[in-house]
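Reading the structure
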Amino acid sequence: MKRISLTQYLVEEQRQHNTIPAELRLLIEVVARACKTISHAVGKGALGEVMGSAETENVQGEVQKKLDIISNDILLEANEWGGHLAAMASEEMETIHLIPNRYPKGEYLLLFDPLDGSSNIDVNVSIGTIFSVLKAPEGMGVPTEQDFLQPGSQQVAAGYAVYGPQTVLVLTTGNGVNCFTLDREMGSWVLTQRNMQIPTETKEFAINASNARHWFPPVTRYVNELLAGDSGPRSSNFNMRWIASMVADVHRILSRGGVFIYPADTRDTKMPGKLRLMYEANPMAFLVEQAGGAATNGAQRILDIQPEKLHQRVPVFLGSKSEVERVTAYHQE
Ligand code: P6P
């Protein structure tokens, strides 16, 4: 079967669904091109003098890796001149990033985690980029943080790149989820999987089990039932995976099912979990729902959460619908 490029896919989607106006197509292609550049930088590893710490801290209070900053700069520089954006926001920047006055402004807001899974960079485990696209509010003047604080249901596009054995780009614009693989010889993104679907049932779960003593009772109950296997209440055995790169864990779940959990726990009730709503949980929740899965914070759909702060964190339960519904129900009891 003749494979098609990302560009051809986006043009055909626009013809069929009229959901990808030229400006959004340009935005997606620019982000995809930036992900190619990041893949190249990541792939050099020690040969590129890009490993290790940058000896700086980000707004999350996390020590930044050199590649965190390099990836952030690649996305800023790639998106500044195109005229498709009003502003950007990043995990690596405390405040929003306005488009320089010398460039035209567009009607989209771009949010991203430029390099997710940074703890895996120096040990050659898959990492990735996550991005989310919102429309700028009607009549917006100079963009402010408030303009970004829209529920995830308002996203017009979302996606991630995984820099692993293959470099893949997984994308939704609201009509299903499609996967593109980077053809390194040609330097082009090639459609390799249409309409990814998450199986409703699964026998695989992903959680950092080293935090078990800190979990709240609903999570403890849910995980213990999985661990009890076929002699427990679930009457079935389960397998566990934890890559500590959300993009890699979510890609596995989009590819073969599973449930991913990063819960709040008793260590810091002011910090509800570790993952950030605007540029990790929201884009992943959009993709997962578009692939027939579910995503909640234990109480409600992640996509329905009204954001209050740009870098706010949120508990995440996402993946195969029947498991997300079960663990969410345990929180209601
Ligand atoms: P822990 C990576 O730092 C990240 O933000 C996600 O990609 C990943 O799922 C999670 O944190 C891993 O957290 O506590 O297991 O190191």
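Just so it is clear, the structure is predicted and the values come from calculations on it, not from any experiment. The residue numbering used here restarts from 1 in each chain and proceeds along that chain's sequence as written. Totals for whole chains, interfaces and linings use all residues, but because this is a predicted model, local features are given only for residues with pLDDT of at least 70 and pairs of side-chain atoms are given and counted only at 80 or more. Hydrogens and waters are ignored; side-chain quantities use all the structure's heavy atoms.

1. Here's the deal with the sheet that holds strand β5 (residues 108–116)
Across the sheet, eight strands lie side by side as β4-β3-β5-β6-β7-β8-β9-β10; this open sheet has mixed pairing. Because the sheet does not close on itself, it has two edges, and the strands there are β4 (97–98) and β10 (188–193). We treat two strands as partners when DSSP finds at least two bridges between them. Think of it this way: any DSSP run of H or I at least four residues long counts as a helix, any run of E at least two long counts as a strand, and we number them from the N terminus. Both strand β8 (residues 167–172) and strand β9 (residues 177–183) contribute to a ladder of five bridges, which runs antiparallel. Looking across to β9, one finds that L171 is bridged to N178.

2. Structural notes on the pattern of salt bridges
Take a side-chain nitrogen of Lys or Arg and a carboxyl oxygen of Asp or Glu: if they are within 4 Å of each other, that pair is a salt bridge. This structure, assessed with the given rule, holds 14 salt bridges. A salt bridge links R234 to E323; the nearest nitrogen and oxygen atoms lie 2.5 Å apart. Pair noted here: R234 is in the loop between α5 (217–228) and β12 (239–240) and E323 is in helix α8 (residues 321–332), with a separation of 89 residues, a long-range link. Comparing R234 with E323, the two get one shared label, buried. Burial classes follow relative accessibility: with a 1.4 Å probe on protein chains only, a residue under 20% of its type's maximum area counts as buried, one over 50% as exposed, and anything between as partly exposed.

3. What about the domain arrangement of the chain?
By convention, interface size is frequently given as the accessible area that disappears when the constituent parts associate. An automatic or database domain assignment is the source of the domain bounds shown. Assigned domains of the chain: these are domain 1 (6–193) and domain 2 (204–332). Relative placement of domain 1 and domain 2: their C-alpha centres are 23 Å apart. At the boundary of domain 1 with domain 2, the tally comes to one salt bridge. Residue E91 pairs with R276 through a salt bridge whose shortest N-O separation is 3.3 Å. Whenever a nitrogen or oxygen atom comes within 3.5 Å of another N or O atom, the pair is scored as a polar contact, on the condition that within protein one atom can donate a hydrogen and the other can accept it, and that pairs from neighbouring residues in sequence are kept only if both atoms are in side chains. At the surface where domain 1 touches domain 2, the tally comes to 17 residue pairs in polar contact (both at pLDDT 80 or more). Elements with a minimum of two residues in the side of domain 1 that touches domain 2: β3 (85–90), β5, β6 (127–135), α4 (145–148), β7 (157–163), β8 and β9. At seven residues, β6 tops the list of elements feeding residues into the side of domain 1 that touches domain 2.

4. Description of the nonpolar core
Residues belong to one nonpolar core when they are buried, are Ala, Val, Leu, Ile, Met, Phe, Trp, Tyr or Cys, and are joined through side-chain atoms within 4.5 Å. Ranked by size, the top nonpolar core spans 46 residues in total, and within it Y160, F260, M284, V316 and L318 carry the most contacts. Take this core: its biggest share by element is nine residues, from helix α7 (residues 277–290). Here a residue-residue contact requires only that any non-hydrogen atoms of the pair lie within 4.5 Å. Once residues lying within four places of it in the same chain are set aside, the contact partners of V316 are M246, F260, I261, Y262, L275, A281, T296 and I302. In this structure, A32, A78, W189 and L191 belong to the second largest nonpolar core, which totals 43 residues.

5. Description of the packing of aromatic side chains
Between two aromatic rings, the relevant description is the distance of the centres plus the angle of the planes. Side-chain rings of Phe, Tyr and Trp (the six-membered ring for Trp) are treated as a pair once their centres are within 6.5 Å; stacked means planes under 30 degrees apart, edge-to-face means over 60, and tilted covers the remaining angles. With the rule as written, the count across this model stands at four aromatic pairs. Between the aromatic rings of Y9 and F180, the centroid separation amounts to 5.3 Å while the plane-to-plane angle is 65°, which identifies the pairing as edge-to-face. With a gap of 171 residues between them, Y9 in helix α1 (residues 6–17) and F180 in strand β9 connect regions that are remote in the sequence. When its relative accessible area of 4% is taken as the criterion, Y9 is described as buried. Among the aromatic residues, those joined into a cluster by ring pairs are W242, F260 and Y262. One Lys or Arg, R221, reaches over the ring of Y330 and ends 3.7 Å from the middle of that ring. For a lysine, the NZ atom is tested; for an arginine, the CZ atom; a charge sits over a ring if that atom is within 6 Å of the ring centre and within 35 degrees of the ring normal.

6. Examining the side chain of Q150
When you line up the elements, Q150 lands in the loop between α4 and β7. Residue Q150 is classed as buried on the basis of its relative accessible area of 13%. One polar contact links the side chain of Q150 to the main-chain carbonyl oxygen of K135, over a distance of 2.9 Å. Residues in contact with Q150, not counting those within four places in the same chain, are L109, L134, K135, P137, M278, N282 and P307.

7. Concerning the site of the ligand
Taken together, 13 residues surround the ligand, and among them D116, N208, W242, M246 and Y262 come closest. One nitrogen or oxygen atom from the side chain of W242 is found 2.9 Å from an oxygen atom belonging to the ligand. Taking K274, its side chain carries an N or O atom lying 3.0 Å from an oxygen atom of the ligand. Shrake-Rupley sampling with a 1.4 Å probe provides the accessible areas, and residues are treated as covered by the protein chains on show and by no other component. In isolation the ligand has 400 Å² of accessible area, and contact with the protein removes 84% of it. Looking at the shell around the ligand residue by residue, the class counts come to six nonpolar, three polar and four charged. Put simply, a residue is near a molecule or strand once any heavy atom of it comes within 4 Å of that molecule or strand. Note on residue categories: nonpolar means Ala, Val, Leu, Ile, Met, Phe, Trp, Tyr, Cys or Pro, charged means Asp, Glu, Lys or Arg, and polar means any other residue, Gly included.

8. A short note on the sheet that holds strand β13 (residues 259–262)
The mixed open sheet is built from five strands, whose spatial order is β12-β11-β13-β15-β14. Edge positions in the open sheet fall to β12 and β14 (294–296), since each of these has one partner strand only. Direction of pairing for strand β11 (residues 204–206) relative to β12: parallel, over a ladder of two bridges. Across the sheet, F205 pairs through a bridge with M240, a residue of β12. In this fold α5 packs onto β11, β13 and β15 (316–319), with an angle of close to 140° to the strand it touches most, β11. To define axes, lines are fitted to C-alpha atoms, for helices over the stretch in contact only, and angles between the resulting N-to-C directions are given on a 0 to 180 degree scale.

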